[in-house]
Amino acid sequence: MTPQVSALPSAAVPPGTAERLARTARGLARAGATPASAASRAGAPEALRGELRTALALPDRRRGFRVVTGLLAGFADPGPTPPHWRGPQSAEADAIDLALALATSALGRLYGWAHQQDGRLVHNILPIPGHEDEQVGASSATLLTRHTEDAFHPLRPHLLVLAVMRNPEGVGSSVSSVRRAALSAEDRARLSRPLVTITPDDSYAPPEGAASWREVEGPRTPVLWAADDGLCLRYDPAYSVLPDDPGFLGSYDALEKALQDCEEEVPLGPGDVILIDNDVAAHGRRPFRARYDGTDRWLKRAIIGLDRPRPAAEAAEPGYGQRTVEPEAAR
Ligand SMILES: [Fe+2]
């Protein structure tokens with residue numbers, strides 16, 4: 001596997017904007033704000049929201065991601081990597097959470113999930129003992145297979161935002177855009193049929209009375225679908241039940257290979273923010289060794305809804321009973 005080497009789509013936040021963001025976030029922190037209140041209309045002056053919207057331009061729809069540098073330049077080191085997503089974390093990290101809530105809510109609808117990380121709006125992605133080999137963000141020793149974020153749900157995010165607190169081993173994100181994947185017309189047609197069941201991942205509390213989400217019957221959905229401006233993807237092989245159809249399975253394998261061939265390794269340095277278009281790009285991560293001593297890889301994650309339509313058939317999906325949490329109801 002040779003990751004492609006080409007210029008990264010990136011943008012730098014003007015120092016003045018980063019400074020105003022840090023000052024505003026610290027002021028909110030002193031006043032006892034939460035990410036939810038920061039994300040509300042009253043959280044930030046409209047002028048700052050406008051600056052942030054400009055600085056955090058959405059990724060283009062072919063490449064599927066953008067790296068933004070300098071957004072958090074007004075902050076000091078966030079302190080040790082917490083032992084768990086619940087924390088504890090430093091006051092500086094609390095202020096960074098507020099800054100990310102301000103910045104991401106300028107782009108679209110910031111939300112969370114009731115049964116993921118206690119309904120928080122800004123998640124901690126860090127290795128947690130006992131989860132090393134699972135297909136979740138808290139893993140480390142295993143390859144995190146490329147996937148669409150929250151692929152099981154019709155309200156999955158349009159945009160995934162990852163902000164790097166620290167990344168001592170330089171473990172980047174691997175990103176593959178379906179719009180750069182070489183697929184035959186036949187493969188596209190097969191993968192556009194609603195034949196795959198995608199269950200929630202193990203970061204969601206399992207259903208009551210069942211050991212696994214696989215015991216719950218879910219809808220069958222297509223892997224590929226067409227937006228007005230091109231091909232889109234809904235893909236999570238680690239949590240998918242595939243049909244017993246050799247033709248389909250051959251096309252699914254062809255997609256896996258095509259995504260592998262166009263995969264880009266996006267380097268993630270401290271303070272970098274990566275925006276991933278969750279409808280065109282799948283993402284993953286290579287294995288790394290966790291030390292659990294406060295120096296481990298630590299990302300912040302936020303998910304954003306945009307005003308972009310999805311296939312009409314998705315509207316009837318129950319989403320395995322998983323509810324979103326909007327800022328008004330979040331903590
Ligand atoms: Fe993910």
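Residues numbered from 1 in each chain as written. Predicted model: local features only at pLDDT ≥ 70, side-chain atom pairs only at ≥ 80, totals over all residues. Heavy atoms only, no water.

Undergrad: Sorry if this is basic, but what is going on with the overall build of the chain here?
TA: For the chain, the helix and strand inventory stands at six helices and 16 strands. A compact globule built from 331 residues should have a C-alpha radius of gyration of about 20 Å, and the chain, at 19 Å, falls within 12% of that. In terms of overall dimensions, the chain has a C-alpha envelope of 60 × 45 × 40 Å along the principal axes. A burial count over the chain gives 56% of its 331 residues as buried. Expressed as a percentage of contacts within the chain between residues at least 6 apart in sequence, the contacts between residues at least 24 apart total 83%. Surface accessibility of the chain: about 13700 Å² in total, with carbon and sulfur atoms responsible for 54%. Mean positive and mean negative side-chain charge positions of the chain (37 and 43 charges, respectively) differ by 5 Å. (Helix = DSSP H or I, 4+ residues; strand = E, 2+ residues; numbered from the N terminus. Rg over C-alpha atoms; globule rule 2.2 N^0.38 Å. Buried < 20%, exposed > 50% of the residue type's maximum accessible area, 1.4 Å probe, protein only. Contact = heavy atoms within 4.5 Å. Areas by Shrake-Rupley, 256 points an atom, 1.4 Å probe, with all protein chains shown as cover. Lys, Arg positive; Asp, Glu negative; His and termini not counted. Charge placed at Lys NZ, Arg CZ, Asp CG, Glu CD.)

Undergrad: Looking at this model, I keep getting lost on the packing of helix α1 (residues 15-30) against helix α3 (residues 46-55). Mind explaining?
TA: Each packed pair of helices is defined by two parameters, the angle between the axes and the distance between the axes. The N-to-C vectors of α1 and α3 enclose an angle of 130 degrees; their axes lie 10 Å apart at closest approach. Here α1 lies oblique to α3, going by the angle between them. Note that α1 runs across α3; the crossing there is left-handed. Residues Thr17, Arg20, Leu21 and Thr24 of α1 lie in contact with α3, whose contacting residues are Leu48, Glu51 and Leu52. When its residues are assigned to classes, the contact of α1 with α3 shows three nonpolar, two polar and two charged. (Axes fitted to C-alpha atoms, helices over the stretch in contact; angles between N-to-C directions. Parallel < 35°, antiparallel > 145°, perpendicular 65-115°, else oblique. Left-handed = near helix turned anticlockwise from the far one by under 90°. Nonpolar A, V, L, I, M, F, W, Y, C, P; charged D, E, K, R; others polar.)

Undergrad: Any chance you could explain the side chain of Glu263 here in plain terms?
TA: Looking at where Glu263 falls in the secondary structure, it is placed in the loop between α6 (246-261) and β12 (264-266). Accessibility expressed as a relative area gives 5% for Glu263, which makes it buried. A polar atom in the side chain of Glu263 sits 2.6 Å from the side chain of Arg146. (Polar contact = N/O pair within 3.5 Å; in protein donor to acceptor, adjacent residues only side chain to side chain.)

Undergrad: Help me out: how do you make sense of the pairing of strand β3 (residues 109-113) in this one?
TA: Side-chain direction in a regular strand flips from residue to residue, so the side chains alternate between the two faces of the sheet. Summarising burial for β3: four of the five residues are buried, a large majority. With three bridges connecting them, β3 and strand β15 (residues 298-305) associate as antiparallel partners. Each residue of the ladder has a partner; that of Leu110, found in β15, is Ile304. (Pairing = 2+ DSSP bridges.)

Undergrad: For this particular structure, what's the right way to read the UniProt feature "binding site: Fe cation" (unreviewed entry) in the chain?
TA: The feature "binding site: Fe cation" (unreviewed entry), as given by UniProt, occupies His147, Glu149 and His283 in the numbering adopted here. Spatial clustering of the annotated residues is evident: they stretch over 137 residues in sequence, but the largest pairwise C-alpha distance comes to 8.0 Å. Contact partners of His147, with chain neighbours within four places excluded, come to Tyr235, Asp236, Ala282 and His283. One polar contact links the side chain of His147 to the main-chain carbonyl oxygen of Thr145, over a distance of 2.8 Å. If you trace the backbone, Glu149 turns up in the loop between β5 (144-147) and β6 (159-166). Sequence-distant contacts of Glu149, that is, excluding residues within four places in its chain, are made with Arg156, Pro157, Leu160, Asn278, His283 and Arg301. (UniProt positions renumbered as here; feature names shortened; annotations may be inferred.)

Undergrad: I keep staring at the packing of aromatic side chains and nothing clicks. Help me out?
TA: For any pair of aromatic rings, geometry is given as the distance between the ring centres together with the angle between the planes. Inspection of every chain in the model, using the stated rule, returns six aromatic pairs. Between Phe152 and Tyr320 the ring centres are 6.1 Å apart and the planes differ by 70 degrees, which places this aromatic pair in the edge-to-face class. Here Tyr320 lies in the loop between β15 and β16 (324-325) and Phe152 lies in the loop between β5 and β6, a separation of 168 residues in the sequence. Taking relative accessible area as the criterion, Tyr320 reaches 11% and is therefore assigned buried. Arranged with centres 5.9 Å apart and planes meeting at 85 degrees, the rings of Trp213 and Tyr320 form a pair that is edge-to-face. One end of the pair, Trp213, is in the loop between β8 (197-198) and β9 (224-227); the other, Tyr320, is in the loop between β15 and β16, and 107 residues separate them in sequence. Members of the aromatic cluster, connected to one another through ring pairs, are Tyr111, Trp113, Phe152, Trp213 and Tyr320. (Phe/Tyr/Trp six-rings, centres within 6.5 Å; stacked < 30°, edge-to-face > 60°.)

Undergrad: Is there a simple way to explain the sheet that holds β12 in this structure?
TA: Pairing between the strands of a sheet comes from backbone hydrogen bonds, and it takes one of two forms, parallel or antiparallel. An order of β5-β14-β7-β12 is seen for the four strands of this open sheet, with the pairing classed as antiparallel. Across the chains shown, the open sheet's two edge strands, defined by having one partner strand only, are β5 and β12. With direction set aside, neighbouring strand axes in the sheet form an average angle of 25 degrees. Looking at chain direction, β5 and strand β14 (residues 281-285) are connected through two bridges and run antiparallel. Within β14, the residue paired with Leu144 across the bridge is Arg285.

Undergrad: I'm lost on the coordination of the iron ion in this one. Help?
TA: Ideal coordination angles are 109.5 degrees for a metal with four donors arranged tetrahedrally and 90 or 180 degrees for a metal with six donors arranged octahedrally. Of the protein atoms, only His147 (NE2), Glu149 (OE) and His283 (NE2) coordinate the iron ion, at distances of 2.1 to 2.2 Å. Donor residues for the iron ion sit on one chain with the sequence pattern H-x1-E-x133-H. Here His283 lies in strand β14 and Glu149 lies in the loop between β5 and β6, a separation of 134 residues in the sequence. (Donors = N, O, S within 2.8 Å, 3.2 Å for Na, K, Ca; no water.)

Undergrad: Explain the UniProt feature "domain: TauD/TfdA-like" (unreviewed entry) in the chain here, please?
TA: In the numbering adopted here, UniProt assigns the feature "domain: TauD/TfdA-like" (unreviewed entry) to residues 105-302. In residues 105-302, helix accounts for 12% and strand for 28%; the two terminal C-alpha atoms are 10 Å from one another.

Undergrad: What is the right way to look at the pattern of salt bridges in this model?
TA: Opposite charge on two side chains lets them pair, provided their charged atoms get close. Under the defined criterion, the tally for this structure stands at 25 salt bridges. Residue Arg61 is joined to Asp277 by a salt bridge in which the shortest nitrogen-to-oxygen separation is 2.8 Å. Separated by 216 residues along the polypeptide, Arg61 in the loop between α3 and β2 (65-69) and Asp277 in strand β13 (residues 273-277) bring together distant segments of the chain. Given a relative accessible area of 1%, Asp277 falls into the buried group. For Asp118, the salt bridge identified is with Arg86, shortest N-O distance 3.5 Å. Of this pair, Asp118 sits in the loop between β3 and β4 (123-125) while Arg86 is found in the loop between β2 and α4 (91-105), placing the two residues 32 residues apart along the sequence. Asp118 gets classed as partly exposed once you look at its relative accessible area, which sits at 33%. Each of Arg61, Arg179, Asp229, Asp277 and Arg308 takes part in salt bridges that share partners, so that together they form one network. (Salt bridge = Lys/Arg side-chain N within 4 Å of Asp/Glu carboxyl O.)

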